[in-house]
Amino acid sequence: MEQIRVVELFAGVGGFRLGLEQASANFQTVWANQWEPSMQAQFAFDCYERHFGHRPEHVCQNIVTAKEGIPPHDLLIGGFPCQDYSIAKKDARGIEGKKGVLWWEINTILQTHRPRYVLLENVDRLIKSPAWQKGRDFSIILRCFYEAGYAVEWRVINAADYGEAQRRRRTFLFAFRNDTALFREAAEGICVSGLKAAHRLLLQDGFFAPSFPLYGFERKYSEGWLDEFQYLDLKDLSAKQSCHFYDSGLMVNGRYYSVESIPVQFPYRPLCSILEDCKPDKRYFLSAVDMERWQYLKGAKHELRHRKNGVPYFFSEGAMAFPDRLDLPSRTMLTSEGTVSRSSHVVVDPQTQRLRTLTPIECERLNGFPDNWTAGIPERMRYFTMGNALVVPLVKAMGRRITALAEIDQSS
Ligand SMILES: C[S@@+](CC[C@H](N)C(=O)[O-])C[C@H]1O[C@@H](n2cnc3c(N)ncnc32)[C@H](O)[C@@H]1O
């Protein structure tokens, strides 16, 4: 089989590349880019190069300018920055936000190089963003793919449903060019038997179902058109389009079909299964001084607060499990993991029965990275990069599926 030339955008510490390389030796990364705009030091890039080598095709520069150097490739991958689609950020502006606009960089690369396949990852909210015009941003993304000559299949995957130790829900989007076997199958199927064919692809023969099987669908779905007969251009679509996208879906020839799916649940891995065997350093244990703060952060609140402009409002939120349950998969890890914050995990240490935070190695295990993948960068950044990263075994499964599709395409 021929090599599959890969370009990796927003590479972070290399979760996508690691997963693909675990899937097959046929993936050959011909260019990779990672640049953290908020910091002078480039710790994620350093970690990436420590594993994949200090090479001229590994570029630590803003993608806005770096993209000029991208060579021809077969597969474009990347987990693009998600803050503008995330509910963790107040006033998230979606595709118009500072980070959201990076979609347009991907779009330019897509139009210039037209790789055969594209695999992207983002937060689950991506398909609903922005809050005031639901589904607009994802419609824009689908329309861009349509205009560039691609079909798209997407799935919101909760890693814990497929046997991982973290309840991390992420939108994965796989786009395939109009000269691939999968495109022909999807387009012809939908032409002949309409939404029945879309159903079959999502449930059985498409990109995700063979590796991430579905039990079936809920009776919730949406369908519609995003093509030029419906919307003159992107501006028109952006002004008018609003719809409810569900967690599985397909867009072929400008027509989309989306449905709420029910995953086949694999036995999950509980949080206790990733804890280190030996007693961690004392800095991970909660001190008596911090205890009141932790209890406040994790507890229920209904209190008067003031906005920056002085306007008062009532803030309320419920209590959360404190400590976290060890018999269930973890919650989603955020970039603030390890700090004194509501979202950080706190567990009862099995050796000492005392409360502590997770260690960097345990965070790596939650994402399926090898132990000490991020060793060598400051500890705070080890947590930060894991909060940004993806669950590697999911990508490994997708990598296997891409290899199977590429084999068919290369032989036809
Ligand atoms: C969601 S993370 C991707 C993490 C990656 N999948 C991994 O496994 O580590 C997005 C990455 O994009 C990088 N980034 C943000 N803005 C960028 C820009 N303008 N150019 C290049 N990289 C950027 C961030 O530093 C971050 O590492």
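See the structure printed just above.
Residues numbered from 1 in each chain as written. Predicted model: local features only at pLDDT ≥ 70, side-chain atom pairs only at ≥ 80, totals over all residues. Heavy atoms only, no water.

Here the focus is the packing of aromatic side chains. Applying the stated criterion across every chain yields a total of 17 aromatic pairs. Ring geometry for Tyr48 and Phe52: centres 4.8 Å apart, planes at 50 degrees, overall tilted. Of this pair, Tyr48 and Phe52 both sit in helix α2 (residues 43-52), four residues apart, which is roughly one turn of the helix. On the basis of relative accessibility, which here comes to 1%, the residue Tyr48 falls in the buried class. Between Tyr162 and Phe266 the ring centres are 5.3 Å apart and the planes differ by 75 degrees, which places this aromatic pair in the edge-to-face class. One end of the pair, Tyr162, is in the loop between β6 (150-158) and β7 (169-177); the other, Phe266, is in the loop between β10 (255-263) and α9 (288-298), and 104 residues separate them in sequence. Judged by relative accessible area, Tyr162 falls into the buried class, the value being 8%. Under the relative-accessibility criterion, Phe266 is labelled partly exposed at 34%. Linked through ring pairs, Tyr117, Phe174, Phe176, Phe207 and Phe208 together constitute an aromatic cluster. Note that Lys301 overlies the ring of Tyr296, its terminal NZ or CZ placed 5.1 Å from the centroid. (Phe/Tyr/Trp six-rings, centres within 6.5 Å; stacked < 30°, edge-to-face > 60°. Helix = DSSP H or I, 4+ residues; strand = E, 2+ residues; numbered from the N terminus. Buried < 20%, exposed > 50% of the residue type's maximum accessible area, 1.4 Å probe, protein only. Lys NZ or Arg CZ within 6 Å of the ring centre and 35° of its normal.)

Before going further, it helps to examine the pairing of strand β12 (residues 312-317). Taken together, the six bridges between strand β11 (residues 301-306) and β12 define a ladder with antiparallel strand orientation. By the bridge assignment for β12, His302 is matched with Ser316. Counting the residues that bridge the hairpin from β11 to β12 gives five residues, and of these Gly310 lies at a positive phi of roughly 90 degrees. (Pairing = 2+ DSSP bridges.)

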